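Report on the structure
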Amino acid sequence: MFKLPPERQALVDRVRALASERFAPRAGRYDRAAAFPVEDFEDLSREGLLAAAVPAGYGGLGLGPRGGDALTLWMMTKELAKADLSLARCWEGHANSMVLLDAMADLAQKERWFDGVVRRGEKWVAWSGEPQSPAPGEKARFGTHVERAPGGWVVDGSKVFSTSAGGVEWAILLVNSAGPGGARHAQGSPEALLLLACELGDRSVTFDGSWWDPVGMRATVSHLVKFDRTFIPEENLIGAPGQYLREGWQTAFTPHYASSFLGAAEAAYDYAIECIASQGKGGDPYVQQRVARMAVNLDTAQLWLRHVASLWDGARHAEAQLAGIRARHVIEHLAAETVDHAIRACGARSLIRPSPVERILRDLTFYLRHDNDDQLLSTIGKSVLGQVFDPSFYKP
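The rules behind each value
Residues numbered from 1 in each chain as written. Predicted model: local features only at pLDDT ≥ 70, side-chain atom pairs only at ≥ 80, totals over all residues. Heavy atoms only, no water. UniProt positions renumbered as here; feature names shortened; annotations may be inferred. Helix = DSSP H or I, 4+ residues; strand = E, 2+ residues; numbered from the N terminus. Axes fitted to C-alpha atoms, helices over the stretch in contact; angles between N-to-C directions. Contact = heavy atoms within 4.5 Å. Nonpolar A, V, L, I, M, F, W, Y, C, P; charged D, E, K, R; others polar. Expected span 1.5 Å × (residues − 1). Buried < 20%, exposed > 50% of the residue type's maximum accessible area, 1.4 Å probe, protein only. Polar contact = N/O pair within 3.5 Å; in protein donor to acceptor, adjacent residues only side chain to side chain. 1 Å grid on protein atoms, 1.4 Å probe; cavity = no way out; pocket = protein on both sides within 12 Å on 5 of 7 lines; lining within 4 Å. Points joined across faces, edges and corners; volume = space filled by probe spheres on them. Pairing = 2+ DSSP bridges. Phe/Tyr/Trp six-rings, centres within 6.5 Å; stacked < 30°, edge-to-face > 60°. Lys NZ or Arg CZ within 6 Å of the ring centre and 35° of its normal.

Per an unreviewed UniProt entry, the protein goes by the name Acyl-CoA/acyl-ACP dehydrogenase and belongs to Sorangium atrum.

Structural notes on the UniProt feature "domain: Acyl-CoA dehydrogenase C-terminal" (unreviewed entry) in the protein
Per the UniProt record, the feature "domain: Acyl-CoA dehydrogenase C-terminal" (unreviewed entry) sits at residues 258–370. Within residues 258–370, the helical portion is 81% and the strand portion 0%, while the C-alpha atoms at the span's ends are 11 Å from each other.

Some details on the packing of helix α4 (residues 85–104) against helix α10 (residues 356–367)
Between α4 and α10, the least distance of the axes is 9 Å, while the angle of their chain directions is 40 degrees. The residues of α10 that touch α4, namely those facing Leu85, Ser86, Arg89 and Glu92, are Asp363, Leu364 and Tyr367. Among the residues making up the contact of α4 with α10, the classes are represented as three nonpolar, one polar and three charged.

Looking at α10
With 12 residues, α10 ought to run about 16 Å at 1.5 Å a step, and its terminal C-alpha atoms sit 16 Å apart, in line with that. Those residues of α10 lying buried are Val357, Glu358, Arg359, Ile360, Arg362, Asp363, Leu364 and Tyr367. On its buried face, α10 sits against α1 (6–33), α3 (70–83), α4, α7 (254–278) and α9 (317–346). For α10, the N-terminal capping position is held by Ser355, with its side-chain oxygen 3.2 Å away from the main-chain nitrogen of Val357.

A look at the UniProt feature "domain: Acyl-CoA dehydrogenase/oxidase N-terminal" (unreviewed entry) in the protein
UniProt tags residues 6–118 as "domain: Acyl-CoA dehydrogenase/oxidase N-terminal" (unreviewed entry). Helix makes up 73% of residues 6–118 and strand 0%. Its end C-alpha atoms lie 24 Å apart.

Topic: empty space enclosed by the protein
Inspection of the entire model under this criterion finds two cavities of 30 Å³ or more. Within this model, the second largest cavity holds a volume of roughly 40 Å³. As for the second largest cavity, its lining consists of Leu322, Ile325, Arg326, Thr379, Ile380, Ser383 and Phe389. Mapped onto the lining of the second largest cavity, the elements with two or more residues apiece are α9 and α11 (373–385). Among the residues forming the lining of the second largest cavity, the class breakdown is four nonpolar, two polar and one charged.

With respect to the sheet that holds strand β6 (residues 205–208)
The sheet built from four strands is open, its strands ordered β2-β3-β7-β6 with antiparallel pairing. The sheet terminates laterally at β2 (144–149) and β6, the two strands that pair on one side only. Taking the axes of each pair of neighbouring strands and ignoring which way they run, one obtains an average angle of 10 degrees across the sheet. Pairing analysis gives eight bridges linking strand β3 (residues 152–162) to strand β7 (residues 223–233), with the strands arranged antiparallel. Bridge pairing in β7 places Val155 opposite Thr230.

Considerations on unusual backbone geometry
Going from Arg353 to Pro354, the amide bond is cis rather than trans, its omega being 15 degrees. Tracing the backbone shows Pro354 in the loop between α9 and α10. Even without being glycine, Ala315 reaches a positive phi, approximately 60 degrees. Mapped onto the elements of the fold, Ala315 is located in the loop between α8 (285–313) and α9. Overall, Ala315 belongs to the exposed group, its relative accessible area being 54%.

Considerations on the layout of surface pockets
The computed volume of the second largest pocket comes to approximately 530 Å³. Lining the second largest pocket we find 23 residues, and of these Ala24, Lys82, Ala83, Pro356 and Arg359 sit closest to its centre. Within the residue set of the lining of the second largest pocket, elements represented by two or more residues are α1, α3, α7 and α10. Counting residues per element, the lining of the second largest pocket draws most heavily on α1, which supplies eight residues.

Topic: the packing of aromatic side chains
Taken as a whole and assessed by the stated rule, the structure comprises 11 aromatic pairs. Note on Trp211 and Trp212: the rings are 5.8 Å apart at their centroids and 75 degrees apart in plane angle, and the pair reads as edge-to-face. By relative accessible area, Trp211 is classed as buried at 18%. The structure contains a cluster of three or more aromatic residues connected by ring pairs, namely Phe161, Trp211, Trp212 and Phe366. Arg148 extends its terminal NZ or CZ atom over the ring of Trp153, reaching a point 4.1 Å from the ring centre.

Here is the structure:
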């Protein structure tokens with residue numbers, strides 16, 4: 001029903017084949033070990049897919065909200081999420097970092113960093129989160145402190161919920177010269193926000209996974225990362241101070257998260273259809289209703305993503321930002337409801353390994369907490385009422 005142009009659909013089909021044949025069989029192992037999906041990213045690199053959001057002029061596929069084709073990127077992410085939601089989250093971090101570099105890096109930076117992705121398979125992530133409380137077991141001061149130094153900056157302190165920690169080569173650090181908080185929790189002027197590219201092989205950067213034992217999204221290895229006066233050279237400053245917030249780049253990633261929610265829901269739906277057929281439940285009118293609700297939910301989510309993508313691709317950015325928030329809210333509830341219908345239709349066996357639904361439920365429940373839906377919905381209300389609102393981080 002929802003087909004892309006043939007050459008773009010072929011890309012999504014390639015990802016779907018990789019996801020079903022290789023990534024899905026590995027997902028349970030990575031989940032139980034709470035380990036970064038190394039083999040999956042090696043496969044993505046060999047297939048040239050790590051450069052999906054790298055501009056075509058630098059050897060990439062040119063996908064995403066900057067390249068005029070957001071939907072293909074989001075549909076690739078959806079296929080990864082059907083296999084493993086944790087993998088999709090790590091992939092999102094990399095792809096979104098490419099979007100940021102395309103939008104904000106200078107020519108020399110693009111040539112240097114995109115070449116690393118295209119030719120050497122280097123992986124990226126962006127870290128902002130510095131919650132206003134310490135991570136479990138963290139007794140010293142928390143968050144990052146950044147200060148000017150000859151030829152660059154010195155970053156000291158920590159970040160938490162750092163997706164892909166230890167699994168990638170580069171991180172875009174969103175740090176604030178006014179004090180701890182990154183972008184999401186910062187209290188100072190937007191102009192104090194800096195984006196610094198950090199090479200994670202630096203000895204002053206260490207990873208602490210001792211507290212990372214969550215119920216879901218375990219393979220995102222979102223550890224505590226410590227910076228012991230890490231030096232970031234001048235040439236690694238990305239864009240101008242405050243540019244990330246002024247131009248609202250976080251809003252380009254909001255619907256990307258929703259595409260992962262949709263992928264998880266589709267995986268639960270596929271399992272349910274197979275389960276219902278194998279158990280001969282197709283004649284049960286209550287099961288029929290649950291199947292109908294799942295199917296309509298998935299179609300609705302697809303339509304929302306297509307709508308938001310068309311706005312980004314048409315450079316209607318203000319409309320895209322607002323529509324993306326709405327899509328994120330709607331798809332969260334559609335996905336959670338679809339997983340619940342799948343479980344109710346299939347029964348308790350669907351929550352026993354090796355059923356993937358057991359992991360899908362845990363992962364989706366955890367990932368949906370990435371943003372506070374109450375605050376997100378309030379933000380939508382403010383936009384309708386003509387009040388001041390924050391489209392990026394839904395601050396009160």
